[in-house]
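Geometric and topological summary
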Amino acid sequence: MTAVTAPVTLTSNAVRTGVLFMLLGMLMFSLNDTMGKWLVSTYSVSQLMTIRSLAALVVLIPFFVMRGWRSLLIVDRPWLQGLRSLLFAVDASAFYFAVAYMPLADAMTYWLAAPIYVAAASPFLLGEHVGWRRWTAILIGFAGVVIALEPSSESFSLPALIALAGSTAYAVALLLGRTLRATPDTTLIFWQLSGALIFSLAGVGVNPAGWAPMDMQGLACLSLLGIVAMLAHILVTRSLKLADAATVVPLQYTLLFWAVVFGWIFFGDTPRPPVILGSALIVASGLFIFFREQQLKRRQSRQPSPPIKAGSREVTP
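First, a word on what this report is: a plain description of the structure on this page. All of these numbers come straight from a predicted model, not from anything done at the bench.

Rules of the game
- Residues numbered from 1 in each chain as written.
- Predicted model: local features only at pLDDT ≥ 70, side-chain atom pairs only at ≥ 80, totals over all residues.
- Heavy atoms only, no water.
- 1 Å grid on protein atoms, 1.4 Å probe; cavity = no way out; pocket = protein on both sides within 12 Å on 5 of 7 lines; lining within 4 Å.
- Points joined across faces, edges and corners; volume = space filled by probe spheres on them.
- Helix = DSSP H or I, 4+ residues; strand = E, 2+ residues; numbered from the N terminus.
- Nonpolar A, V, L, I, M, F, W, Y, C, P; charged D, E, K, R; others polar.
- Axes fitted to C-alpha atoms, helices over the stretch in contact; angles between N-to-C directions.
- Parallel < 35°, antiparallel > 145°, perpendicular 65-115°, else oblique.
- Left-handed = near helix turned anticlockwise from the far one by under 90°.
- Contact = heavy atoms within 4.5 Å.
- Buried < 20%, exposed > 50% of the residue type's maximum accessible area, 1.4 Å probe, protein only.
- Salt bridge = Lys/Arg side-chain N within 4 Å of Asp/Glu carboxyl O.
- Core = buried A, V, L, I, M, F, W, Y, C linked by side-chain atoms within 4.5 Å.
- Patch = residues over 30% accessible without salt bridge, like charges linked within 9 Å, V, L, I, M, F, W, Y side chains within 5 Å.
- Areas by Shrake-Rupley, 256 points an atom, 1.4 Å probe, with all protein chains shown as cover.
- Lys, Arg positive; Asp, Glu negative; His and termini not counted.
- Charge placed at Lys NZ, Arg CZ, Asp CG, Glu CD.

Section: empty space enclosed by the protein
In this structure the tally under the stated criterion is one cavity of 30 Å³ or more. Quantified by volume, the largest cavity comes out at close to 40 Å³. Forming the walls of the largest cavity are Pro103, Leu104, Ala105, Asp106, Ala259, Val260, Gly263, Trp264, Asp269, Thr270 and Pro271. The set of elements that each furnish at least two residues to the lining of the largest cavity consists of helix H5 (104-112) and helix H12 (254-267). Here the lining of the largest cavity takes four residues from H12, the largest share from any one element. Per-class residue counts for the lining of the largest cavity are seven nonpolar, two polar and two charged.

Listed below in structure tokens is the structure:
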């Protein structure tokens, strides 16, 4: 007997709520980035990441208990979980290091290119087919990265190179996430936060002198950083459950708008013309790749399933 599950109908209210949650999530991520840029002027990246990860883990303890510690610790392909966690830790640490030395909009431009890296690597690492249209968009996106970087002996500074390395680590982590789709969100978050904590503690061990004294205000601000990032993740996850991805995913590019606004208000940063042009190419490329993938998925879902051969007969599902 085959169980038939009724399709979930997304009401207009649910879609509007999903859009609102995605916009709020992007605003929260931008606030997290702004707070991080401000805090790294006082605290080292390792110290910031340690308190940030601890605060998020403490807040999420009730959810971990409900899930059961055994299901969090005993998972399939733990080495893959560990590698994904390490890459996310490198990604976050690189971002906080980069924004300490460059404008928010500049750093965000490099990170928004991550989906383009994913699209470029997926044929080789995941065996996915990428047609000429998406390859064209990928090349345009890479051109945007090059324009934003302004290749010269002066532009290839350590912060810029670390920003590129961090965005690449983020892209590879996203690719690994595609192979771990069956893993519950709670487990993924636990491993991600635990990996960030271990990575940052290792950084503290290498340079213990970088641990600055903290008063209660400093501890509260560092802890708030982790809570804000955690709430942003929850809002984005909930948004994708309430509305179709084609509706809410493009709203993630509002991160660049908030990076420009907050960078100008709080740090007096004005985006350079090459960054504006490069980010425009990156956003356009990313949106085209996303909508093209959505179009191909809908086309595949409308295709009839092939008949299943059983012995000498054909059984149509």
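Considerations on the packing of helix H2 (residues 45-67) against helix H10 (residues 216-242)
The description of two packed helices rests on the angle between their axes and on the distance between the axes. The interhelical angle for the contact between H2 and H10, taken along N-to-C directions, is 60 degrees, at an axis separation of 7 Å. In terms of orientation, H2 and H10 fall into the oblique class. Of the two possible hands of crossing, H2 and H10 adopt the one that is right-handed. Between H2 and H10, the residues in contact are Leu48, Ile51, Arg52, Ala55, Ala56, Val59 and Leu60 and Leu219, Leu222, Ser223, Leu225, Gly226, Ile227, Ala229 and Met230, respectively. Among the residues making up the contact of H2 with H10, the classes are represented as 12 nonpolar, two polar and one charged.

Details of unusual backbone geometry
In this structure, arginine 77 is a non-glycine residue whose phi angle is positive, near 50 degrees. Relative to the helices and strands, arginine 77 is located in the loop between helix H3 (69-73) and helix H4 (78-99). Given a relative accessible area of 41%, arginine 77 falls into the partly exposed group.

Describing the pattern of salt bridges
Going through the model one piece at a time under the given rule, you end up with one salt bridge. Note that aspartate 106 is salt-bridged to arginine 272, the shortest N-O span being 2.6 Å. Taken as a pair, aspartate 106 in helix H5 and arginine 272 in the loop between H12 and helix H13 (273-302) lie far apart in primary sequence, 166 residues in all. Since its relative accessible area comes to 6%, aspartate 106 is described here as buried.

Comments concerning the nonpolar core
In terms of nonpolar packing, the biggest core is built from 62 residues, with Leu48 and Tyr96 touching the most fellow members. Residues in contact with tyrosine 96, not counting those within four places in the same chain, are Asn32, Gly36, Val40, Val45, Leu48, Met49, Arg52 and Leu225. Counting residues in hydrophobic clusters, the runner-up holds 11 residues, among them Val75, Phe190, Trp191 and Met230.

Quick look at a positive patch on the surface
Taken together, Arg133, Arg298, Arg299 and Arg302 make up a surface patch of like positive charges. Among the elements that take part in the positive patch, H13 stands out by supplying three residues, more than any other. Along the chain, arginine 133 turns up in helix H7 (residues 132-149). Of the residues examined, arginine 133 reaches a relative accessible area of 38% and is grouped as partly exposed.

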